[in-house]
Structures are given as C-alpha cells and as structure tokens.
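A look at the structure
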Amino acid sequence: MKDEIINNIQNPRQLEELYRDNKATFRGAFNAVYSDIREHVTAQIWHERLNFETNEISWGTGKELLFVIIASFLAGLVAKIPDFTGINPEYFYPRNISFVVFPLLTAYFLWKQQVNIRKALIAAVAILVSAVYINLLPDNPKSDTLMLACMHLPLFLWAILGYAFAGDSLHTYKRRLDFLRYNGDLVVMTTIILIAGGILSAVTVGLFSLIGLRIEEIYFPYVAIWGLAAAPIVGTYLVQTNPQLVSKVSPVIAKVFTPLVLVMLTIYLSAVVYTGKDPYNDREFLLIFNALLIGVMALILFSIVETSKNTGNKIALFMLLGLAVLTITVNGIALSAIIFRISEWGVTPNRLAVLGGNVLILINLLLVTYRLFHTIKNGDAIAGVENSIALFLPIYGIWTLVVTFVFPVLFGFK
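Below is a summary of the structure that appears in this document. (Residues numbered from 1 in each chain as written. Predicted model: local features only at pLDDT ≥ 70, side-chain atom pairs only at ≥ 80, totals over all residues. Heavy atoms only, no water.)

1. What about the overall build of the protein chain?
Let me state the cut-off plainly: Put simply, DSSP H or I for four residues or longer makes a helix, DSSP E for two residues or longer makes a strand, and each gets a number counted from the N terminus. Values of the radius of gyration come from C-alpha atoms, whereas the globule rule sets the reference at 2.2 Å times the count of residues to the power 0.38. Contact between two residues is taken to exist if any of their heavy atoms lie within 4.5 Å; hydrogens are not considered. The accessible surface values rely on the Shrake-Rupley method and a 1.4 Å probe; as for residues, cover is taken only from the protein chains in view. Neither His nor the chain ends is counted toward charge; the positive residues are Lys and Arg and the negative residues Asp and Glu. To locate a charge, take atom NZ for lysine, CZ for arginine, CG for aspartate or CD for glutamate.
The helix and strand tally for the protein chain stands at 17 helices and zero strands. Taking 22 Å as the expected radius of gyration for a compact globule of 414 residues, we find that the protein chain reaches 23 Å, a close match to that expectation. A sequence separation of at least 24 residues applies to 76% of the contacts in the protein chain between residues at least 6 apart. As displayed, the protein chain offers around 21,400 Å² of accessible surface, 68% of which is attributable to carbon and sulfur atoms. The average position of the 30 basic charges and that of the 27 acidic charges among the side chains of the protein chain differ by 2 Å.

What follows is the structure in structure tokens.
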C-alpha cells in the first residue's frame, strides 16, 4: 500500500480507489509515508482529509448497511436454531456456536474486498464442510477429540475469516497485521456495544416491571439473543467505516496492559516458586498455566502491532522484550510439564494438542524475542518483528485444522 500511494501520488483517481478499497489500511500507510511526499499538494490535501478530527459517524453506503442488517438477522436466526427445531442445545451450541458469526463476517469481507469467485468458493466450501463435519461427529460428551474439535473449530473459522479479510493480498505480511489490528479494534468496539446493550436491557426490563409487565421471558430469548449475535457484525461494520472510533483506544490499551501484565507475570512466577505448585502432576494447574500462556501471547502480538505505529518508543520495546522473555519461561515450564506427563502416562489427544500448540507458540516467541532484541540493540525497523508474527498466522491456522479434522479420526473419535 505504501508503494502504491507513492507511485500514484500524481494520480488522484487511483488514490481514491485505493482508499475506497480499504480505508483503514490506506490511512495507516499514507501517514507512514507522508513525510516523504509532503511536498506534493495532493499529499497535503489527503493528509488533511485523513487526519481531520470529526465527531460525525459514517454509516457507509446503503448497500453496506443493508448487508449488515441482513447478516445480523441471519446471525440471530442461527443462534435460535435449537428453539426452532427442537435440537438439544447441549448438542448444538458446543459444535455450532462459531457458525453464528464467523460465516457472516467472512461473507462481509468477501463481498467488501470483491474477492474473485474461486477464492470465495474456497472459503464457502471450507465453512460448509466444517459445519457438516462437526455435526456428524459421534455424540459422546466424554470424547476428548470431540471437545478438542469444538474448541479448535472457532480458531479454524477465524483463520478462514483472515483469508477473506486479506482478499487478494493473502501473502502480504502487512495485510495479515491489518487483520490483527482489526481483531483488536473489534474486541474494543464489540465490548462497548455489549456494555451499552446490557445497560439498555436492564433499563428496559426495569421500566416494564414498574408498570407490572414481566417481559423477561420474551425479551432475553429473542431481543437479547439477536443483539448478542449481531454485536460482532455491527462492531465490524463500525470499525471498517469509522476507523477513527477506536484507532486511539487500542494503542492506549496496549500501552497500559503491557507493563501491568509484565509486573503480574513476574509476581505470579515468583509466587509459583514460593508456593511450590507442581504443574507436572497437577492437571488443572497446567491447564490454567496454558491459558495464561495463550492470553499473554495474544497481548504480545497485539501490543507489537500497535507499537509499530511508534517505533521510537524504546521503553515500550523494552517492556515487550521483558514480557516475551517471561512468556518463554512460562512456555518452557508448560512444555516440560506436558512432555513429562506424556512420558509418564502416554499420549492422549489432549496432551498431543497441548504439546503441538506449545511448540508452535515457543518457536513464534523465540522469533519475536530475537527480532525485538535486534530492534532495540541495532535500531532495526520493527518491521522484522511484525513479519515474524505475520509469518506464523497461517501456521496456527494449519494446526487448528489438524486438531479439528485429523485428531478425531487419528484417535478413533475417543
């Protein structure tokens, strides 16, 4: 995108097309190269246009708004399938909860990015096969492979969403990082929507109760369910049409939570040593350890993506390096514990899934830490750190595919 902007600075029509194709990416790339092209009048005009602070909210085109309304309705419809069909909710939701939102978000980006028919069909077939497959797995609540498939399927559909988001720039690292930024912004926006929706629901139910009408039995099964299903879709729409809404919130969250998590993790590891907790024989403690690892890893990736907007912030880079080193320590403990459990009690689907995930995270963390160290020591561009993150996103997607589709067959659906 940066090269396209520089090469077309004398071509206003092409700049407009680039902007309309992907407003958020265009804005970030333009601001990054503005110092090199600021002598051009066209660049000065675009700079004012992109950075003009306004309180107005853009609602996009009529087609976009109609698409979001229909998608939100369909999301609620999928969520209500057990009520409409009589399917056992305990059977339906663990297998299909991810199909409430991900297919519709994928459709939104396939349409918005104007992806060619072949790529759109690949995404559609992947989602359809996933839906058929997960619902054909034997109904055995005690099956470890069923549980793993249900846990990893949302991650696989998330990878399909990334495929749609990237459009024709699937192999471009910058586009993959834009996908991570989108996820961070979406979490912020969806949280705001849900908080506002929760307040509205409480006020609505309270007001009706004052006049003697108990609407809970109608409101929550219908209005609230549709609202929950629609929140990520509406959040995506707002983030894409109004990137300025959360563009300043996400970096603040990254800056605030990175040092807090660094301090918390340091104290936690010290407390683990002090209390003598044993992840090698305590299964529940090992699970919590791995959950902590995944959460901190996600924070590191998100923080690096946000820190790249301000490469001169050495303090932020040092904190990220410290957090990465501590996370490698956590990963090493978890990895050694799972290897110990496999050597003592043999291979199980759960242990193999945790082992594979930990190995991938460790390799990714080592690459990120190595790049961070060189960025601080030699003043290298943080682009190398970003690339080490973008490189691994498809690998995580492949691993979720293996756990979801191969593990049940490999272990005889046990």
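2. A look at the packing of aromatic side chains
Put simply, the test is: Pairing of aromatic rings covers Phe, Tyr and Trp, the last counted by its six-membered ring, and requires centre-to-centre distances within 6.5 Å; plane angles under 30 degrees mean stacked, over 60 mean edge-to-face, and any other angle means tilted.
Applying the stated rule across the entire model yields 24 aromatic pairs. For the ring pair Phe73 and Trp226, a centre distance of 6.0 Å and an interplane angle of 25° mean the geometry is stacked. Linking Phe73 in helix α5 (residues 62–79) with Trp226 in helix α12 (residues 216–241), this pair joins segments that are 153 residues apart in sequence. For the pair Phe156 and Phe405, a centre-to-centre distance of 5.4 Å together with 75° between the ring planes defines the contact as edge-to-face. Of this pair, Phe156 sits in helix α10 (residues 144–166) while Phe405 sits in helix α17 (residues 383–410), and the two are 249 residues apart along the sequence. Three or more aromatic residues joined by ring pairs form one cluster here, namely Phe67, Tyr108, Phe109, Trp111, Trp158, Phe165, Phe179 and Tyr182.

3. With respect to the packing of helix α8 (residues 102–112) against α10
Convention followed: With axes taken as lines fitted to C-alpha atoms, and helix axes fitted only over the stretch in contact, angles between N-to-C directions fall between 0 and 180 degrees. Angular relationships are summarised with four words: roughly parallel below 35 degrees, roughly antiparallel beyond 145, roughly perpendicular across 65 to 115, and oblique for the angles in between. Gly falls in the polar group here, along with every residue not listed as nonpolar (Ala, Val, Leu, Ile, Met, Phe, Trp, Tyr, Cys, Pro) or charged (Asp, Glu, Lys, Arg).
Relative to each other, α8 and α10 sit at 10°, their axes nearing to 8 Å. Considering their axes alone, α8 and α10 lie roughly parallel with respect to each other. Of α10, the residues touching α8 (which contributes Phe102, Leu105, Thr106, Phe109 and Leu110) are Pro154, Leu157, Trp158, Ile160, Leu161, Ala164 and Phe165. Considering only residue class, the contact of α8 with α10 consists of 11 nonpolar, one polar and no charged.

4. A few points about a nonpolar patch on the surface
Going by this rule: A patch consists of residues exposed above 30% relative accessible area that lack any salt bridge, with like charges linked at up to 9 Å and nonpolar side chains (Val, Leu, Ile, Met, Phe, Trp, Tyr) linked at up to 5 Å. Whenever a carboxyl oxygen of Asp or Glu lies within 4 Å of a side-chain nitrogen of Lys or Arg, that contact is scored as a salt bridge.
Where nonpolar side chains cluster on the molecular surface, the patch consists of Leu66, Ile70, Phe73, Leu74, Leu77, Phe84, Ile218, Tyr222 and Val223 and spans about 860 Å² of accessible area. Going through the elements one at a time, α5 and α12 are the ones with two or more residues in the nonpolar patch. Here the nonpolar patch gets five residues from one element, more than from any other, and that element is α5. Along the chain, Leu77 turns up in helix α5.

5. Overview of the side chain of Asn364
Positionally, Asn364 belongs in helix α16 (residues 349–378). Aside from chain neighbours lying at most four places away, what touches Asn364 is Met297, Ser388, Ile389, Phe392 and Tyr396.

6. Let's talk about the nonpolar core
Put simply, the rule reads: By nonpolar core is meant a set of buried Ala, Val, Leu, Ile, Met, Phe, Trp, Tyr and Cys residues that side-chain atoms within 4.5 Å join together. Throughout, exposure labels follow a simple rule: accessible area from a 1.4 Å probe, protein chains only, divided by the maximum for the residue type, with under 20% read as buried, over 50% as exposed, and the rest as partly exposed.
Membership of the largest hydrophobic core comes to 51 residues, with the highest contact counts inside it found for Ile300, Ile304, Leu323 and Leu372. Those elements that place two or more of their residues in this core are α11 (173–210), α13 (249–275), α14 (283–307), α15 (314–345), α16 and α17. Dropping the residues within four chain positions of it, Leu323 is found in contact with Thr258, Val261, Leu262, Leu265, Val296, Leu299 and Ile300. Counting 43 residues, the second-largest nonpolar core is a separate cluster that includes Ala79, Phe102, Met189 and Tyr237.

7. Looking at α17
The cut-off we apply is this: How far a helix is expected to stretch is found by multiplying one less than its residue total by 1.5 Å. Throughout, the bend at a residue refers to the angle made by two axes, fitted to the seven residues ending there and to the seven starting there.
A rise of 1.5 Å per residue sets the reference length of α17, with its 28 residues, at 40 Å; its end C-alpha atoms lie 39 Å apart and thus fit the reference within 8%. Of all bends in α17, the biggest is about 30°, found at Val403. Phi turns positive, to about 65°, at Gly412, one or two residues after α17.

8. Some words on unusual backbone geometry
Its identity as a non-glycine residue notwithstanding, Gln114 has a phi of 55°, on the positive side. Relative to the helices and strands, Gln114 is located in the loop between α8 and α9 (117–136). Backbone geometry at Phe413 places phi at a positive 60°, although glycine is not the residue there. Relative to the assigned elements, Phe413 resides in the segment after α17.

9. Description of the environment of Thr145
Let me state the cut-off plainly: Any N or O atom pair separated by 3.5 Å or less is treated as a polar contact, with the protein-specific requirement of one donor-capable and one acceptor-capable atom, and with residues adjacent in sequence counted only for side-chain atom pairs.
With respect to the helices, strands and loops of the structure, Thr145 is situated in helix α10. Note: C-alpha distance between Thr145 and Pro349 (204 residues apart in sequence) is 6.2 Å. Among residues more than four places away in sequence, those in contact with Thr145 are Pro349, Phe407, Pro408, Phe411, Phe413 and Lys414. Separated by 2.9 Å, the side chain of Thr145 and the backbone oxygen of Lys414 make a polar contact.

10. Some remarks on the environment of Phe411
By the element assignment, Phe411 lies in the segment after α17. Note: C-alpha distance between Phe411 and Ala131 (280 residues apart in sequence) is 21 Å. In this structure, Phe411 is in contact with Thr145, Val347, Thr348, Pro349 and Leu352, ignoring residues within four places of it in sequence.

11. Topic: helix α7 (residues 89–96)
What counts here: In this context, the arc is that of the directions from the helix axis out to the C-beta atoms.
Among the residues of α7, Phe92, Arg95 and Asn96 are the ones counted as buried. The buried side chains of α7 occupy one side of the element, clustering within an arc of 85° when seen end-on.

12. With respect to the pattern of salt bridges
Summed over the entire model, instances satisfying the criterion amount to 10 salt bridges. Arg49 is the salt-bridge partner of Glu16, the closest N and O atoms lying 2.8 Å from each other. With Glu16 in helix α2 (residues 12–21) and Arg49 in helix α4 (residues 41–51), this pair connects stretches of sequence that are 33 residues apart. A relative accessible area of 42% means that Arg49 is categorised as partly exposed.

13. Notes on the side chain of Thr241
With respect to the element layout, Thr241 can be found in helix α12. Relative accessible area serves as the criterion here: at 6%, Thr241 is assigned to the buried category. In this structure the side chain of Thr241 is engaged in a polar contact, spanning 2.7 Å, whose partner is the backbone oxygen of Tyr237. Polar contacts involving the side chain of Thr241 include one to the side chain of Asn242, which spans 2.9 Å.

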